[in-house]
Amino acid sequence: MKIVDARVIVTCPDRNFVTLKIITSSGVYGVGDATLNGRELSVAAYLSEHVVPALIGRDASRIEDTWQYLYRGAYWRRGPVTMSAVAAVDTALWDIKGKVAGLPVYQLLGGRSREGVTVYGHANAASTDEVLSEIADYVELGYKAVRVQTGVPGLESTYGVGKDRMFYEPADAALPTENAWSTAHYLEHVPTVFARVREEFGPTLRLLHDVHHRLTPIEAARLGKSLEPYHLTWMEDPVPAELQEGFRLIRQHTTTPIAVGEVFNTIWDCRQLITEQLIDYVRATVVHAGGITHLRRIFDLAALHHVRSGSHGATDLSPVCMAAALHLDLAIPNFGLQEYMRHTPATDAVFPHGYHFADGYLHPSEEPGLGVDIDEEEAARYPYRPASLPVNRLQDGTMHDW
Ligand SMILES: [Mg+2]
């Protein structure tokens, strides 16, 4: 079964997505997500200029060999653009293998290790009062875990706070908008939010908070300590992770669990974090970390060191990635949590899928393969629109991490 064609499809139903569709000589095809938020066309070009020509004529059943060919075979390897392209090919080949075998992909990965995939939703609001009402909405929908973000008094805009209720899309303009940031205001405010949330919702609702790489290790240690009474499931991305040993300092000071890694692309980005047990959850995703093949390798390493999965799952990955993530989440022994932001109806129409939410869990499709497709006619109705993530400056104008 040879690969006879591969198409790169860019579409923008409310936001941009890049999808690779691989077609085989037997007529079976597979889909893979290649979306890299704010940098979509660079992955599309990497695929169509460099990867697709090399795929034609290859044996579609050779998933591992194709992965090694695209990774080791690229002298300039790793990085988000390359690894998202590799991920798209890998995901599409797993979809094809499942369809050929007549099995959902999780069965090819060893079968289910649990009944459903526990997901968390995003409660985002300008004020603490408003965020309490949004958390109540998620609890009402059946969610067992909620990420909580609020505006910070004294700052006009804050990461993680959307304009719409129950939806959040940060890529809000063709060129980056600018946010202002004050660590002092933030560190004072966040513990007061979680005090109110615990008072309102009691001790067992799982709560998460995303710091979005905005602190130094000692500041993150202070935040973790001040949040200890509220028993968070995790404090996410407390500091940028280029310096992996920087997490040791946070660890020495707080028992608040740490999740990191939505921007990681390979096992090398988290090797030290995992083997030295400096984190509790690794947030790498199928689309940005080399597909099912490589992400499973990361999770296997994590399993040896008491680290669980906690994959990124915002709307900047398409339903194709979400479908793939659910098959992996269902199969691995060390699953932790899966982020889940619902896509808009227009996106769902472009990507018909069989996964579904019920009582706090997502369940992958039982159809052969990934159980997700792309409607190319529907996709063609939504041409690409440039959209960038914001940038972030301290109040004195210094560039800071977004
Ligand atoms: Mg995050």
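Note that the structure is predicted; figures quoted are calculated from it, not measured.

This paragraph deals with the sheet that holds strand β1 (residues 3-11). The strand order β1-β2-β3 describes an open sheet built from 3 strands, whose pairing is antiparallel. The open sheet has two edge strands with one neighbour each: β1 and β3 (29-33). Within the sheet, the average angular offset between the axes of one strand and its neighbour, ignoring direction, is 20°. With 8 bridges joining them, β1 and strand β2 (residues 17-24) adopt antiparallel strand pairing. Note on β2: the bridge partner recorded for V8 is L20. Where helix α3 (residues 80-101) meets the sheet, it contacts β1, β2 and β3, and its direction lies at approximately 145° from that of β3.

Quick look at helix α1 (residues 40-55) now. At S48, α1 is deflected by roughly 35°, the largest bend along its length. Every buried residue of α1 is listed here: E40, V43, A44, Y46, L47, V51, V52 and L55. Tucked inside the fold, the buried residues of α1 contact β1, β2, α2 (63-71) and α3. Immediately beyond the C-terminal end of α1, within one or two residues, lies G57, with a positive phi of roughly 95°.

Let us look at the coordination of the magnesium ion. Protein-derived coordination of the magnesium ion comes from D210 (OD), E236 (OE) and E262 (OE), at a distance range of 2.0 to 2.3 Å. For E236, a relative accessible area of 0% gives the class buried. Take E262: its relative accessible area is 12%, and that puts it in the buried class.

Next up on the list: the packing of aromatic side chains. This model, assessed by the stated rule, comprises 9 aromatic pairs. When the ring of Y138 is compared with that of Y143, the centres are 4.8 Å apart and the planes differ by 90°; the resulting orientation is edge-to-face. Residues Y138 and Y143 agree in their burial class; the two are buried. When the centroid spacing of 4.8 Å and the interplanar angle of 50° are considered together, the rings of W181 and Y186 count as tilted.

This next bit is on the packing of helix α5 (residues 128-141) against helix α6 (residues 183-201). Describing two packed helices takes the angle between their axes plus the distance from one axis to the other. Where α5 meets α6, the axes come as close as 10 Å, and the angle between the chain directions of the two elements is 45°. Taken together, the axis directions place α5 and α6 in an arrangement best described as oblique. The crossing of α5 and α6 is right-handed. Side by side, α5 and α6 meet where T128, D129, V131, L132, I135, A136 and V139 of the first sit next to H189, V193, R196, V197, E200 and F201 of the second. Taken together, the residues of the contact of α5 with α6 sort by class into 8 nonpolar, 2 polar and 3 charged.

Next up on the list: the domain arrangement of the protein. Partitioning the protein into structural domains gives domain 1 (3-104) and domain 2 (108-366). Taking the mean C-alpha position of each, domain 1 and domain 2 sit 26 Å from one another. Facing 33 residues of domain 1, the contacting portion of domain 2 comprises 34 residues. Buried surface at the junction of domain 1 and domain 2, both sides included, amounts to about 2,600 Å², of which 61% is carbon and sulfur. Sorting the residues of domain 1 by area buried against domain 2 places D33, W94 and P104 first, and these three jointly supply 24% of that buried surface. One can count 2 salt bridges joining domain 1 with domain 2. Here E64 ties to R297 by a salt bridge, and the two come within 3.1 Å at their closest N and O atoms.

The next point concerns the nonpolar core. Core analysis: the largest hydrophobic core is formed by 114 residues, its most contacted members being I22, F247 and I298. When residues of this core are assigned to their parent elements, the largest contribution, 10 residues, is made by helix α11 (residues 319-331). Here this core spans two domains, since at least three of its residues come from each of domain 1 (3-104) and domain 2 (108-366). When residues no more than four places from it in sequence are discounted, the contact partners of I22 are I3, D5, A6, V28, Y29, G30, L55, V89, A92, L93 and I96. Ranked by size, the runner-up nonpolar core spans 7 residues in total, among them Y120, A145, L208 and W234.

Of all the positions in α2, only I63, T66, W67, L70 and Y71 are classed as buried. One side of α2 holds all its buried residues, which, seen down the axis, span an arc of 125°. Those residues of α2 hidden inside the fold are in contact with α1, α3 and α10 (291-304).

Our next topic: the pattern of salt bridges. Scanning all chains against the criterion turns up 20 salt bridges. Here R78 and D269 are joined by a salt bridge, their closest N and O atoms 3.5 Å apart. Of this pair, R78 sits in the loop between α2 and α3 while D269 sits in the loop between β9 (258-260) and α9 (271-275), and the two are 191 residues apart along the sequence. We classify R78 as partly exposed; its relative accessible area is 35%.

Here is what the cut-offs are and how they apply
Residues numbered from 1 in each chain as written. Predicted model: local features only at pLDDT ≥ 70, side-chain atom pairs only at ≥ 80, totals over all residues. Heavy atoms only, no water. Pairing = 2+ DSSP bridges. Helix = DSSP H or I, 4+ residues; strand = E, 2+ residues; numbered from the N terminus. Axes fitted to C-alpha atoms, helices over the stretch in contact; angles between N-to-C directions. Contact = heavy atoms within 4.5 Å. Bend = angle between axes of the 7 residues up to and from the residue. Buried < 20%, exposed > 50% of the residue type's maximum accessible area, 1.4 Å probe, protein only. Donors = N, O, S within 2.8 Å, 3.2 Å for Na, K, Ca; no water. Phe/Tyr/Trp six-rings, centres within 6.5 Å; stacked < 30°, edge-to-face > 60°. Parallel < 35°, antiparallel > 145°, perpendicular 65-115°, else oblique. Left-handed = near helix turned anticlockwise from the far one by under 90°. Nonpolar A, V, L, I, M, F, W, Y, C, P; charged D, E, K, R; others polar. Domains from an automatic or database assignment. Buried area = accessible area lost by both parts, 1.4 Å probe. Salt bridge = Lys/Arg side-chain N within 4 Å of Asp/Glu carboxyl O. Core = buried A, V, L, I, M, F, W, Y, C linked by side-chain atoms within 4.5 Å. Arc of directions from axis to C-beta.

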